[in-house]
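Architecture at a glance
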Amino acid sequence: MAGGKPSGAEGIKTASAGLRGTIAEELAAPDARGGLSESAYTLLKFHGTYEQFDRDTATERKQAGLDKDWQFMVRVRAPAGRLTGAQWLALDALADRHADGTMRLTTRQGMQFHTVKRGNLKDCIADIEKALLTTMAACGDVVRNITTTAAPRRDALHARLEAEAFNLSSALLPRTRAHHEIFLDGESVGESQDEPLYGPTYLPRKFKIGLAHPADNTPDVLANDLGFIARTRGGELIGWIVTIGGGMGMTHNKPATYPRLADPITVIGPDEVLEMAQAVVRLSRDHGDRSDRRHARLKYVVAERGVEWVRARLSEDLGRPLPPPPPLPRLTVPELLGWHAQGDGRWWLGLPIPSGRIADTSRARLRTALREAVQRFGVDPIATPQQDLMLSNVREEDRDALTDLLRDHGITFAEELAPIARWSLSCTALPTCGQALTEGERVHAPIVVQVQDALERHGLLDERISLRLTGCPNGCARPYAGDIGVVGRAPGVYSLFVGGDFEGTRLSFPIADKVATDAVGATLEPILAAYAARRTEGEGFGDFCTRTGPEAVRALLGTAAAA
Ligand code: SF4
């Protein structure tokens, strides 16, 4: 499976001298026309940034004989989404200094800046490092940001989940000094390629890790290459179920690519998370397909070799037998927005952030409100895997004043949203993402309104149904793991998926192709009507669709919608 000619990206990594390549030289020419070389573009991902261009203006500029409006997306790595108030203020200041005055929470508890110009890139990344954060390994063929529940509950289990996320994050960072040299003017130590875990060519593809516990699968642990699900007895952590081989990306009309949920592989003791993670990274490093990047994720190794083979390889690597896993416990997704007691006398307030965009608009001054909340009340923000934000460590006596501050700035609270809006995700897509086939974030609100209106017509407005929208099938917002997936197909049209479950434990199936943006709600409505009429007690929408079956669900659409 992995024996073909190495892809071009493999050659770039091999020749990069520890992710250096020509990045420093190319960034030193900020007025250069055109984009970066392919090598620098590829290697910069490992440093947490993608070169992009404004796709809205590209055609017009070309007709006017102008170069594209080149710019960078810069992604901050924030293990478990945890940020201190001081770090939030530092990032907030960078949004004006280097970007477009906004920040964007990612679906992996990170933070992105958009429209950073080449001349500002080095300073932007250096300023992020000064805030004791990093962009290193936020993108690229390495272990990405580590996710877990955002809930800041002050109990032993949550403390452990958070600690494991931080420990994995630092232990699995690449060791190259290239990032320090390029962005922090660190002294060159030459072509150091001492990467004891990754080796000189790093991983075949990105690698995602999530940690969860059965009562909180907000991180969608099974959508990760590697997941750890806590096992407890009497409130004590007794170990972890290890799940391997999840991943959302696929390519339209290429059946050899597919989204996949991870399989449970084995069970380990409470203190064996890092050891297992390193072994699974080595498995991906040594067995992933380096000839075809569309086939390079660990999920294809697991799908094609099988779970027994995977367990045997890990057992060989670790030098001890690994038991088969116990049955997966039922995973659930709790409500974490609104006010919650942390358990230490303080509170957290979870705020819904549509599409994760932190901006001041004519309707709501969200960015200002959050900055003032941090400054006045000393709260520490936490990014969630749902692109929402929690303000943690709120003192009891500050709750009313914080609520008033947010209301004064026009902020919407979770309880003011219908569940479909509350539980919706969207990726960035146009105009910045180079992969986007159509809109994502910019049609998020209208598509949610369409579906919400359809739900209301059938008395379903209060049902907990998730909707996930992406501008292409790469699946950054995990569209195949929710109740409703809306996946960009071509300009202005989407593929629709249903049948996943709210808890992220079952994949959805496609029901309609090339549905126009303004027809998403109408296309789904016959299925919602059937759900309202025929659901069983307590049955979720995705569960109903799965029970009904793909053919019968598609038949509900009629011929008009299933173009
Ligand atoms: Fe870009 Fe596709 Fe990811 Fe959306 S899902 S951000 S369009 S790569």
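What counts, and at which threshold
- Residues numbered from 1 in each chain as written.
- Predicted model: local features only at pLDDT ≥ 70, side-chain atom pairs only at ≥ 80, totals over all residues.
- Heavy atoms only, no water.
- Domains from an automatic or database assignment.
- Buried area = accessible area lost by both parts, 1.4 Å probe.
- Polar contact = N/O pair within 3.5 Å; in protein donor to acceptor, adjacent residues only side chain to side chain.
- Nonpolar A, V, L, I, M, F, W, Y, C, P; charged D, E, K, R; others polar.
- Near = heavy atom within 4 Å.
- Salt bridge = Lys/Arg side-chain N within 4 Å of Asp/Glu carboxyl O.
- Helix = DSSP H or I, 4+ residues; strand = E, 2+ residues; numbered from the N terminus.
- Buried < 20%, exposed > 50% of the residue type's maximum accessible area, 1.4 Å probe, protein only.
- Phe/Tyr/Trp six-rings, centres within 6.5 Å; stacked < 30°, edge-to-face > 60°.
- Lys NZ or Arg CZ within 6 Å of the ring centre and 35° of its normal.
- Axes fitted to C-alpha atoms, helices over the stretch in contact; angles between N-to-C directions.
- Parallel < 35°, antiparallel > 145°, perpendicular 65-115°, else oblique.
- Left-handed = near helix turned anticlockwise from the far one by under 90°.
- Contact = heavy atoms within 4.5 Å.
- Pairing = 2+ DSSP bridges.

Some words on the domain arrangement of the protein chain
What the domain assignment reports for the protein chain is domain 1 (142-178 + 188-334), domain 2 (338-417) and domain 3 (420-562). Distance between the C-alpha centres of domain 1 and domain 2: 31 Å. On the domain 1 side of the interface with domain 2, the three residues burying the most area are A150, P152 and R154, jointly 63% of the side's total. Where domain 1 meets domain 2, there are four residue pairs in polar contact (both at pLDDT 80 or more). The class makeup of the residues in the side of domain 1 that touches domain 2 is four nonpolar, two polar and two charged.

What about the site of the ligand?
Close to the ligand lie C427, A429, C433, Q435, A436, T470, G471, C472, N474, G475 and C476. Counted by class, the shell around the ligand contains six nonpolar, five polar and no charged residues.

Things to note about the pattern of salt bridges
One pass over the structure, following the stated rule, counts 41 salt bridges. Measuring nitrogen to oxygen at the nearest pair gives 2.7 Å for the salt bridge that ties E10 to R290. Within this pair, whereas E10 is found in helix α1 (residues 8-14), its partner R290 is found in the loop between α9 (273-287) and α10 (298-305), the two being separated by 280 residues in sequence. The class for R290 is buried, based on a relative accessible area of 15%. One salt bridge connects E463 with R535, and the closest N-O pair in it is separated by 2.9 Å.

A few points about the packing of aromatic side chains
Per the counting criterion, the structure on display carries ten aromatic pairs. Measuring from ring centre to ring centre gives 5.6 Å for Y531 and F544, while their planes differ by 50°; the resulting arrangement is tilted. Of this pair, Y531 sits in helix α16 (residues 520-534) while F544 is found in helix α17 (residues 541-548), placing the two residues 13 residues apart along the sequence. Here the aromatic residues F46, Y198 and Y202 are joined through ring pairs into a cluster of three or more. Between K68 and the ring centre of F53, over which it is positioned, the NZ or CZ distance is 4.4 Å. Geometry around Y531 places R535 over its ring, the cationic atom sitting 5.1 Å from the centre.

So, the packing of α9 against helix α11 (residues 307-318)
Viewed as axis vectors pointing N to C, α9 and α11 meet at an angle of 115°, and their least axial separation amounts to 10 Å. With respect to each other, α9 and α11 are oriented roughly perpendicular. Crossing handedness for the pair α9 and α11: right-handed. Contacts between α9 and α11 involve E275, M276, A279, V280, R282, L283 and H287 from the first element and W309, V310, R313, L314, D317 and L318 from the second. Split by residue class, the contact of α9 with α11 holds eight nonpolar, one polar and four charged.

A short note on unusual backbone geometry
In this structure, P431 follows L430 across a cis peptide bond, with omega equal to 10°. Checked against the element boundaries, P431 lands in the loop between β14 (424-426) and α15 (441-457). Although it is not a glycine, L132 sits at a positive phi angle of roughly 60°. Examined against the element boundaries, L132 turns out to sit in the loop between α6 (118-130) and α7 (156-171). For N253, which is not glycine, the phi torsion reads 65° and is therefore positive. With respect to the helices and strands, N253 occurs in the loop between β7 (236-244) and β8 (263-268). By relative accessible area, which is 66% here, N253 ends up exposed.

A word on the sheet that holds strand β1 (residues 49-53)
Ordered by their spatial adjacency, five strands build an open sheet running β1-β2-β4-β3-β11, and the pairing between neighbours is antiparallel. At either end of the open sheet lies a strand with only one pairing partner, and these are β1 and β11 (357-358). Bridging between strand β2 (residues 70-76) and strand β4 (residues 111-116) involves four bridges; their strand directions are antiparallel. Bridge assignment links F72 to a residue of β4, and that residue is V116. Lying on the sheet, helix α3 (residues 38-46) is in contact with β1 and β2; it crosses β1 at an angle near 130°.

Some words on the sheet that holds strand β6 (residues 226-233)
Within the open sheet, the four strands sit side by side as β5-β6-β7-β8. Their pairing is mixed. Two strands in the sheet have a free side with no partner beyond their single neighbour: β5 (209-212) and β8. The average undirected angle you get between the axes of adjacent strands in this sheet is 25°. Along the sheet face, α11 touches β7 and β8 and points at about 30° away from the line of β8.

Notes on the packing of α15 against α16
Orientation of α15 relative to α16, taken along the N-to-C sense of each, is 30°, at an axis distance of 9 Å. Between α15 and α16, the crossing angle belongs to the class labelled roughly parallel. Crossing angle aside, the handedness with which α15 passes α16 is right-handed. Here I447, Q450, V451, A454, L455 and R457 of α15 lie close against α16, whose contacting residues are V520, G521, L524, E525 and L528. Of the residues that constitute the contact of α15 with α16, the class distribution is seven nonpolar, two polar and two charged.

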